[in-house]
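Reading the structure
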Amino acid sequence: MGNSKSIATPEHVAIIMDGNGRWAQARGKPRLFGHHAGARRVREIVEACPDLGVKYLTIFAFSTENWKRTQTEVSGLMKLFKRYLMSETKELVEAGVRVRFIGDRIKLDENLVALMDELELLTCDNDTVHLTIALNYGGRDEVARATKRLSREVAAGRIDPETVDAETLARFLDTYVLPDPDLVIRTSGEARISNFLLWQSAYSEYVFIDTLWPDFSRDEFARVLSSFSTRERRYGAVPG
Ligand code: IPE
Ligand code: IPE
Ligand code: MG
């Protein structure tokens, strides 16, 4: 029995929403104009998920490295996140979307964190689509924070270090309740991970497309998903 399988639809799709700045620059506008256009796309893609058979959608909104940008851009993005969460709450609750956030909240503004907590709570019984927003998220940072929490358990004598394996560590990651992504899509033509879901994407398929995030449509999303269905995932085994 081989362990390889092809799956018609990926259950969990993760997206690196890249290219907002270039999209704005191409129109002679400030970068934040592109971020606003990008935020509007998110709704269309989330709404498309039930029809397209995607149960889990994880989107990269702000990385642990994005603090290196100008103060104007960073504070504009933080304001946008707050506005977005406030304006989308009703829609998300009613559409049956369960919202979760991954990433380190410690560096985020308390008003933003309050909105994140509220949205998680308001949608905690929803099950139509599981939307996870990565905000101040970095894969290395996540593994480091998980290791810190695991180390505390070891130090307290609650975990025997000899029993620690990959599954033990995975239980301490921000994503512990989520399946691993089947497919990771990156827009804007860059072919790199940029610290997104390093651990979880060990066996994910990757699709890199040239479209800038504010131009990424539901139709293109559907096309990317159907190209995934022809791939064969082997998980290190020999097909057979
Ligand atoms: C992605 O778009 C959004 C964030 C990183 C917040 P960019 O802002 O990285 O856009 P480009 O890559 O500069 O075009
Ligand atoms: C990755 O995009 C982060 C997000 C999409 C939020 P970046 O634009 O920050 O990545 P690099 O700098 O091109 O690697
Ligand atoms: Mg970018």
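Read on for an overview of the structure. Along each chain, residue indices are assigned from 1 in the same order as the chain's sequence is written. Chains carry letters and ligands carry numbers; both start at the beginning, A for chains and 1 for ligands, and go up in the order they are written. Local features in this predicted model are restricted to residues whose pLDDT is 70 or higher, and side-chain atom pairs enter the listing and the counts only when it is 80 or higher, whereas totals over whole chains, interfaces and linings include all residues. Hydrogens and water molecules were not included; the side-chain quantities draw on all heavy atoms of the structure.

**Quick word on the environment of Arg98**
Mapped onto the fold, Arg98 is located in strand 3 (residues 97–102). Since its relative accessible area comes to 23%, Arg98 is described here as partly exposed. Sequence separation between Arg98 and Glu88 is ten residues; the distance between their C-alpha atoms is 12 Å. In this analysis, two residues are considered to be in contact whenever any of their non-hydrogen atoms come within 4.5 Å of each other. Excluding residues within four positions of it along the chain, Arg98 makes contact with Thr123, Cys124, Asn126, Val129, His130 and Leu131. At 3.1 Å, the side chain of Arg98 and the backbone oxygen of Cys124 are in polar contact. Per the convention used, a helix needs a DSSP run of H or I reaching at least four residues, while a strand needs a run of E reaching at least two, with both numbered from the N terminus. Accessible area is worked out with a 1.4 Å probe on protein chains only. A residue is then buried under 20% of its type maximum, exposed over 50%, and partly exposed in between. Here a polar contact means two N or O atoms within 3.5 Å. Within protein one must be a hydrogen donor candidate and the other an acceptor candidate, and residues neighboring in sequence count only if both atoms are side-chain atoms.

**With respect to the site of ligand 2**
In the neighbourhood of ligand 2, the contacting residues comprise Ile16, Met17, Asp18, Phe60, Ala61, Phe62, Asn66, Arg69, Arg186, Arg192 and Ser194. At a separation of 3.3 Å, an oxygen atom of ligand 2 approaches a polar side-chain atom of Arg186. Using a 1.4 Å probe, the Shrake-Rupley method yields the accessible areas, and only the shown protein chains count as cover for residues. Relative to its unbound accessible area of 390 Å², ligand 2 is 77% covered by the protein chains. In terms of residue count, strand 2 (residues 56–63) provides more of the shell around ligand 2 than any other element does, three residues in total. Put simply, a residue is near a molecule or strand once any heavy atom of it comes within 4 Å of that molecule or strand.

**Some words on helix 2 (residues 31–52)**
Given the number of residues in a helix, its expected span is that number minus one, multiplied by 1.5 Å. With 22 residues, helix 2 extends 31 Å from end C-alpha to end C-alpha; this agrees with the ideal 32 Å at 1.5 Å per step. Turning to helix 2, its buried residues number three or more, namely Gly34, His35, Ala37, Gly38, Ala39, Arg41, Val42, Ile45, Val46, Ala48 and Cys49. With its phi angle positive at about 80 degrees, Gly53 sits one or two positions after the end of helix 2.

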